[in-house]
Amino acid sequence: MQIRDLPYSDPGTPDVRSGLRLLLWLGRKQWGGQLKALGWGVLQLASIASFPAVAGLAVTAVVHRSGNDLALAGVAMAVVTVAVTVGDTMLHRVAVTNWITAAARIQQLLARRTAALGATLTRRVAAGEVVAVSTGDIERIGWCVEAVSRFSAALLTTLGVCAALVAYQPQLGLLACAGMLALALTVLPLLPKATRRADAQRERAGRATELAADTVAGLRVLRGIGGEELFLARYRQASQQVRHAAVRTARMWSFIEALQVALPGLLLVGVVWYGTRLALDGHIAVGELVMVYGAISFLLLPLQLFGEFAMSYSFSRPSAARAARVLGLRRPGEERGAHAGREQSAAASSDAGPREGLYDSLTGLHAPAARLTAVVCGDPDAAGRLAERLGGHPASAADAPEVGAEAEAVGAGTAGGAADGAASADDPGGSASAGQQADASVPPSVLLNGVPLDTLPLEEARAAVLVQDKDPVLLSGTLGELLNVPSSGRVGAAEALNAAQCTDVLGALVQGSPDAEGDPMRARITERGRSLSGGQRQRLALARSLITDPEVLVMDEPTSAVDSHTEARIARELAELRAGRTTVVFSSSPLLLDRADRVVFVQGDTVAATGTHRQLLRSDTAYRAVVTREPQHHADASRAREADASRARERARTRTSQRDQRAQTDQRAQTEGVESA
């Protein structure tokens, strides 16, 4: 795989049982690149290791005054130099390719998993952790995967040099091997401690990143309540904790690196001292001493590569664990082996549900096709979960209380397996059984025109049903880029902006973007639209959704931050623009409810009442309490007072009618008496 061939057509299915297994899986996927890097690394290091031997031959030729041997040594030196140059160049090329392709593979997998999870991702993983995984963690994982081949080349070359020393000069060779073994036994026990300190540093850095992301996201609110100093103090404290952890980690690694320099230096001094005595006693020649000295000096280079690999692994292990945790997240019902069960439940639910529109068998909610349906929920959080469910996201534990505990237990087991993976590795069948339990706990899918959404391809399902949540995200860029979304082409940008009542928003954008030259489409929007008010962000997000013009549009409180006059105009324009399309609006605003063709009141987990807004106001006290923000007992008391007043008026009318009847009877009796007289 070359860099020019990126991205991967199929990045594969990662092993997410643990961070180590993810790293091993990446290494296996890059087997060819690893072998290439190993070959070029061995060539480079072996050529460098050959320099002392060539230098020893040159010294021997000078001592023996042999011109031919000196010329051969010069030719050998030139060949070794070329080999080092070629090996170093190609090793760097292949190593960088392995690094980038490994990082790109993880990045593609994260992007696909993020797209599959949708808005549920940030509720299952902190936003700061997602940012950390998609930025620094990817680089560390690529670094570790790339360092494996260079570590392997250094190990093979070191073993070869030590074997050659023992064969060539047994006394000095055994001394060098003993010194290398002592160095390894001194440094290796320190690596676990350094790894733990690096893990602590990564954990604190992740918390600081999460705190920074949350602070920036809520900066407008913090300024409104005067909480900047409080969060600044918290971030300063978290930052200092990261600094202290980084200093502790750096101290340990600097100590290890100092040992890697000091101990080989002492070994080199010892070998030279002992070799000099052997040379003075005539046991070895001067050229042999130079050769041994050069070989011992060369061993410092592999030691540096060993230290680099240890550092890369210690830093990448927590990064790989975080990446495995994110990649291991699954939408309920997504596990392997659940397809047949989903089809059976889908067939059963499709037989029972309506054939047109959007239908949720869990709550009984039905949004007829080509109609504007408003949904009123007493619990705003339940409204958000139901909106996601209508968009094709399977129900969470809160949507199905009867299976919530089991689903949460299965989810916890899945997360734990992604974190360490030990149980899954020992018991592969456990994962399958957990997946089956998770699938058994998933309620039946929402039906779109009689077809379960979870049986459709993800792209097709999301193209058919678009969900706009109550806190939509505006990406930074120009307004034209924001509104450049996949669409049917039926609704233009001007029409959508007009329906969303964005005239004042366009003026504010043009005023804040001098380089737009009066063109609203060229006006820039800051990240998440933080320069705009909440109502302005909502209206731009509404315009973006209207341009998309999906078959089914589900919106959760699309006008909660808009004033009543603007909201009334939006309700009118929305009903006209979405005529002939299925639209579901979660709202308790009377202005929107009055424009809806049908209002569904969801209380608890089921549909409690259905009708028009005015019908439900008259007939359902719970609905009226939610819509008018009147407490339930007040609504019941008001209803009772109205009933009492109605009964009193009825009794008064009855008494009046009785008096009129008696008066008429008395008048007729008097008339008859007069006539008879």
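Going along each chain's sequence as written, the residues are numbered from 1 onward. With pLDDT at 70 or above as the cut-off, local features in this predicted model cover only qualifying residues; side-chain atom pairs require 80 or more to be listed or tallied, and sums for whole chains, interfaces and linings still use all residues. Hydrogens are left out, water is left out, and the side-chain values use all remaining heavy atoms of the structure.

### Section: the pattern of salt bridges
Note on pairing: side chains with opposite charge can pair once their charged atoms come close.
Link 1 in the chain: The working definition used for a salt bridge is a side-chain nitrogen of Lys or Arg within 4 Å of a carboxyl oxygen of Asp or Glu. Inspection of every chain in the model, using the stated rule, returns 15 salt bridges.
Link 2 in the chain: Note that Glu 517 and Arg 522 form a salt bridge whose closest N and O atoms lie 3.3 Å from each other.
Link 3 in the chain: By relative accessible area, which is 42% here, Arg 522 ends up partly exposed.
Link 4 in the chain: For Asp 594, the salt bridge is made with Arg 614, and the minimal N-O distance between the two is 3.1 Å. Note that Asp 594 is positioned in the loop between α23 (590-593) and β11 (598-603) and Arg 614 in helix α24 (residues 613-619), a separation of 20 residues in sequence.
Link 5 in the chain: Burial status follows relative accessibility: with a 1.4 Å probe on protein chains alone, a residue under 20% of its type maximum counts as buried, one over 50% as exposed, and anything between as partly exposed. Using a relative accessible area of 51% as the deciding quantity, one classes Arg 614 as exposed. Numbering of helices and strands runs from the N terminus; a helix is a DSSP stretch of H or I covering at least four residues, while a strand is a stretch of E covering at least two.

### Remarks on a positive patch on the surface
Link 1 in the chain: A cluster of basic residues, Lys 193, Arg 196, Arg 204, Arg 248 and Arg 251, forms a positive patch on the protein surface.
Link 2 in the chain: Elements represented by at least two residues in the positive patch include exactly α7 (190-217) and α9 (228-280).
Link 3 in the chain: Sort the elements by how many residues they give to the positive patch and α7 lands first, with three residues.
Link 4 in the chain: Inspection of the secondary structure puts Arg 251 in helix α9. Patch membership is restricted to residues that have no salt bridge and whose relative accessible area is over 30%. Joining uses 9 Å for like charges and 5 Å for the nonpolar side chains Val, Leu, Ile, Met, Phe, Trp and Tyr. All accessible areas in this document rest on Shrake-Rupley with a 1.4 Å probe, and a residue is counted as covered only by the protein chains that are shown. Charge assignment: positive for Lys and Arg, negative for Asp and Glu; neither His nor the chain ends contribute. Every charge is mapped onto a representative atom, which is NZ of Lys, CZ of Arg, CG of Asp or CD of Glu.

### Focus on the pairing of strand β10 (residues 582-586)
Link 1 in the chain: With five of five residues buried, β10 lies mostly within the body of the structure.
Link 2 in the chain: Residues of β10 alternate between two faces, with Thr 582, Val 584 and Phe 586 on one and Thr 583 and Val 585 on the opposite face, all of them buried.
Link 3 in the chain: A pair of strands is labelled paired if DSSP reports no fewer than 2 bridges between them. Taken together, the four bridges between strand β3 (residues 372-377) and β10 define a ladder with parallel strand orientation. Across the sheet, Leu 372 pairs through a bridge with Thr 583, a residue of β10.

### Quick look at the packing of aromatic side chains
Link 1 in the chain: In this analysis, rings of Phe, Tyr and Trp, with Trp reduced to its six-membered ring, are considered paired at centre separations within 6.5 Å, and the interplanar angle assigns stacked below 30 degrees, edge-to-face beyond 60, and tilted for intermediate values. Summed over all chains, the structure comprises three aromatic pairs.
Link 2 in the chain: Relative to Phe 309, the ring of Phe 151 lies with its centre 4.5 Å away and its plane at 20°, an arrangement referred to as stacked. Within this pair, whereas Phe 151 is found in helix α5 (residues 127-168), its partner Phe 309 is found in helix α11 (residues 300-327), the two being separated by 158 residues in sequence.
Link 3 in the chain: Their ring planes at 80° and their centres at 5.7 Å tell us that Phe 601 and Tyr 623 sit as a pair that is edge-to-face. Within this pair, whereas Phe 601 is found in strand β11, its partner Tyr 623 is found in helix α25 (residues 621-627), the two being separated by 22 residues in sequence. The same class applies to Phe 601 as to Tyr 623, namely buried.
Link 4 in the chain: Cluster of aromatic residues (ring-pair linked, three or more members): Phe 151, Phe 306 and Phe 309.

### Brief notes about unusual backbone geometry
Link 1 in the chain: With phi around 55°, Arg 65 is a residue other than glycine that occupies positive phi space.
Link 2 in the chain: Within the element layout of this structure, Arg 65 appears in the loop between α2 (31-63) and α3 (67-117).
Link 3 in the chain: Notably, Glu 517 is not glycine yet its phi reads approximately 55°, a positive angle.
Link 4 in the chain: Within the fold, Glu 517 resides in the loop between α20 (503-512) and β8 (524-525).

### So, the sheet that holds β3
Link 1 in the chain: In space, the six strands of this open sheet follow the order β6-β9-β10-β3-β11-β12, with mixed pairing throughout. Sheet topology places β6 (465-468) and β12 (606-611) at the edges, where each strand pairs with a single neighbour. Recorded for the sheet is a direction-independent mean angle of 20° between the axes of neighbouring strands.
Link 2 in the chain: Direction of pairing for strand β9 (residues 552-556) relative to β10: parallel, over a ladder of five bridges. Residue pairing across strands places Asp 556 opposite Phe 586, the latter belonging to β10. A fitted line through C-alpha atoms serves as each axis, taken over the contacting stretch for helices, and the angle formed by two N-to-C directions is quoted from 0 to 180°.

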